[in-house]
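Listed below, chain by chain, are the residues.
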Amino acid sequence: MPRTVRGVDDLDERFKTAALGCEDTVVWHARRGPAETLGLLSEAATRLEVHEWDRYGDGGAVGRLEAEVAELLGTPEAVFFVSGVMAQQAALRVWCERRRSYRVAVPDLAHQLRHETDGPRLLQGFRFETLTEGWETATAETLRALPAVGDLGAVQLELPLREAGCLLPTWEELSAFSDAARELGVPFHVDGARLWESQPFFDRPLPEITRLFDSVYVSFYKGLRAMAGAAVACDEDVAVELRAWRQRMGGTLFGMTPYALSALVGLRDELPAIGDSVAWARALADELVARGLRIQPDPPHTNTFLVFADGDPDAVTERVVAFMEERKVAPCGRWWAARAPGVAMSEVTIHRAALEHDPATVADWYAELVDANAG
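Keep in mind that this is a model prediction, so the values were computed, not measured.

Pulling in residues and values, what's your account of the side chain of threonine 75?
Inspection of the secondary structure assignment puts threonine 75 in the loop between α3 (60–73) and β2 (77–81). Judged by its relative accessible area of 16%, threonine 75 is buried. A polar contact of 3.0 Å, which involves the side chain of threonine 75, links it to the backbone oxygen of glutamate 77.

I'd like to hear about the nonpolar core, residue by residue, with values.
Membership of the largest hydrophobic core comes to 57 residues, with the highest contact counts inside it found for Leu143 and Phe220. The contact partners of phenylalanine 220, leaving out residues within four places of it in the chain, are Leu65, Val69, Phe80, Trp196, Arg225, Ala226, Ala228, Gly229, Ala230, Ala231 and Ala263. Among the nonpolar cores identified, the runner-up in size contains 36 residues, and Ala18, Ala19, Trp280 and Leu369 belong to it.

Please provide a residue-by-residue account of the packing of helix α9 (residues 195–202) against helix α13 (residues 274–290), values included.
One way to put it is that α9 packs onto α13 with a least axis distance of 9 Å and a crossing angle of 65°. Between α9 and α13, the crossing angle belongs to the class labelled roughly perpendicular. Here the hand of the crossing between α9 and α13 comes out right-handed. Across the interface between the two elements, Trp196, Glu197, Pro200 and Phe201 from α9 touch Ile274, Gly275, Val278 and Arg282 from α13.

How would you explain the packing of aromatic side chains if you had to name every residue and give the values?
Applying the stated criterion across every chain yields a total of 10 aromatic pairs. Each ring, one from phenylalanine 126 and one from phenylalanine 128, has its centre 6.0 Å from the other, and the planes form 65°; the classification is edge-to-face. Residue classification places phenylalanine 126 among the buried positions, given a relative accessible area of 1%. Plain terms: the ring middles of phenylalanine 177 and phenylalanine 188 are 5.1 Å apart, the flat faces sit at 55° to each other, and that makes the pair tilted. Taken together, the residues span a long stretch of sequence, with phenylalanine 177 in helix α8 (residues 171–184) and phenylalanine 188 in strand β6 (residues 188–192) at a distance of 11 residues. Each member of the pair phenylalanine 177 and phenylalanine 188 is classed as buried. Within the aromatic cluster, the residues linked to one another by ring pairs are Tyr102, Phe126 and Phe128. Lying over the aromatic face of tryptophan 245, arginine 248 brings its terminal NZ or CZ to 4.5 Å of the ring centre.

Help me get a handle on the environment of leucine 355, residues and values and all.
Structurally, the position occupied by leucine 355 is in the loop between β13 (343–349) and α15 (359–370). In sequence terms leucine 355 and tryptophan 280 are 75 residues apart; their C-alpha atoms lie 6.9 Å from each other. In this view, leucine 355 contacts Asp276, Ser277 and Trp280; residues no more than four positions away in its chain are not counted.

Pulling in residues and values, what's your account of the pattern of salt bridges?
Throughout the structure, instances matching the rule amount to 26 salt bridges. Among the salt bridges present, the one from arginine 291 reaches aspartate 364, with a minimum N-O distance of 2.7 Å. Within this pair, whereas arginine 291 is found in the loop between α13 and β9 (294–296), its partner aspartate 364 is found in helix α15, the two being separated by 73 residues in sequence. Of the residues examined, arginine 291 reaches a relative accessible area of 29% and is grouped as partly exposed. We classify aspartate 364 as partly exposed; its relative accessible area is 41%. We note a salt bridge from arginine 327 to glutamate 368, for which the minimum N-O separation is 3.5 Å. Placement of arginine 327 in helix α14 (residues 313–327) and of glutamate 368 in helix α15 is noted, with a sequence separation of 41 residues between them. Look at arginine 327 and you get partly exposed, because its relative accessible area is 35%. Judged by its relative accessible area of 34%, glutamate 368 is partly exposed. Connected through salt bridges with shared partners, the residues Glu43, Arg47, Arg268 and Asp269 form a single ionic network.

Which residues make up the environment of leucine 224, and what values go with them?
Its place among the elements puts leucine 224 in the loop between β7 (215–219) and β8 (230–234). Remark: the alpha-carbon pair of leucine 224 and threonine 130, spanning 94 residues in sequence, is separated by 30 Å.

Please provide a residue-by-residue account of the confidence of the model for the protein, values included.
Averaged over every residue, the pLDDT of the protein is 96; the share at 70 or more is 97%. Confidence drops under pLDDT 50 across residues 1–5; counting only partners more than four residues distant or on other chains, this segment forms 4 contacts.

Let's hear about the pairing of strand β3 (residues 103–106): which residues, and what values?
Within a regular strand, side chains alternate between the sheet's two faces. Judged by which residues are buried, β3 turns out to be covered on both faces: Arg103 and Ala105 on one side and Val104 and Val106 on the other are all buried. Pairing between β3 and strand β4 (residues 127–130): 4 bridges, direction parallel. Residue pairing in the sheet places alanine 105 in a bridge with glutamate 129 of β4. Pairing of β3 with strand β5 (residues 154–158), which is carried by 2 bridges, proceeds in the parallel orientation.

Hey, could you go over the side chain of glutamine 124 for me, with residue numbers and the actual values?
For glutamine 124, the position within the fold is in helix α6 (residues 119–124). At a separation of 2.9 Å, a polar atom in the side chain of glutamine 124 contacts the side chain of glutamine 89. Sequence-distant contacts of glutamine 124, defined by excluding residues within four places in its chain, comprise Gln89, Arg93, Tyr102, Gly119 and Met249.

Reading the values: the criteria
- Residues numbered from 1 in each chain as written.
- Predicted model: local features only at pLDDT ≥ 70, side-chain atom pairs only at ≥ 80, totals over all residues.
- Heavy atoms only, no water.
- Helix = DSSP H or I, 4+ residues; strand = E, 2+ residues; numbered from the N terminus.
- Buried < 20%, exposed > 50% of the residue type's maximum accessible area, 1.4 Å probe, protein only.
- Polar contact = N/O pair within 3.5 Å; in protein donor to acceptor, adjacent residues only side chain to side chain.
- Core = buried A, V, L, I, M, F, W, Y, C linked by side-chain atoms within 4.5 Å.
- Contact = heavy atoms within 4.5 Å.
- Axes fitted to C-alpha atoms, helices over the stretch in contact; angles between N-to-C directions.
- Parallel < 35°, antiparallel > 145°, perpendicular 65-115°, else oblique.
- Left-handed = near helix turned anticlockwise from the far one by under 90°.
- Phe/Tyr/Trp six-rings, centres within 6.5 Å; stacked < 30°, edge-to-face > 60°.
- Lys NZ or Arg CZ within 6 Å of the ring centre and 35° of its normal.
- Salt bridge = Lys/Arg side-chain N within 4 Å of Asp/Glu carboxyl O.
- pLDDT = per-residue confidence, 0-100.
- Pairing = 2+ DSSP bridges.

Set out below in structure tokens:
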């Protein structure tokens, strides 16, 4: 019998409760409470010698973070935002104002079209043109084939494309896309919320990667585990305009030091482990495929991928809840229905917490969880 909406809500609540009760996790980050997080920031302020508050984003930890990010990415400037959504809108607004066109080309699975409640169109007036459909990456030919491509205000790629299992283009495809954008005179902005996790796939230094872009947004709260926040790396003249738009959009808070300080901690503690997390994710994917599960992309391009198995997603999630309640380990996230009938899917994201586990053992857990006859 199909599960009622109430039943789905109950399962979601039981899943969350079971996950909160876990002492260990394979997916995402190990959980921290507010007291532990704030204690870590207090210790970090001393160890990193952050003694002054920023004021409206000027100086203090914010200034230090912006300088570190610019150096890491090889750009003249970086501008801190407390919200990635705001950072993206500000960056695209700068390019569109300069080009006097609000047409922006993006993949149809881009974050702005899937998760922002139509805010970029309603607030900024952007008119989105779709570069690609579904699980594919854009190419130079894709860009050149857009009608009236010369009238675009900007073009944006999401690297990686999260909704497609964190799919990336090849280095050659990305380089050719950048060349085409510059040949056409279209500003090339990148949603690099997971750029840190993409670097191992390209196997090039971050500055070599970012040289292909006119601007790039990076996140601090995903792979780097900060409280919140993002930055846009760019040239000096773009940074001036970004700071103006940040203020206009209400994002220049009186003090942003806690967010910036937590991002500095992420750069210090989490960034060095990302390569290991990506390698562990690939090892897990190999083990899952060996046990009959399917993944996208295969092999994974980053530390995140989609996993598929035959079965009912709610039934699989019920077994995951029971597993977490018994073993106090969170092996995976919620499962949901894939587009193909009778197929369940889940997103797997690996960080440092998973490195304590054996990929083969975790793959055995997954095989057990998706097997209705197990146990």
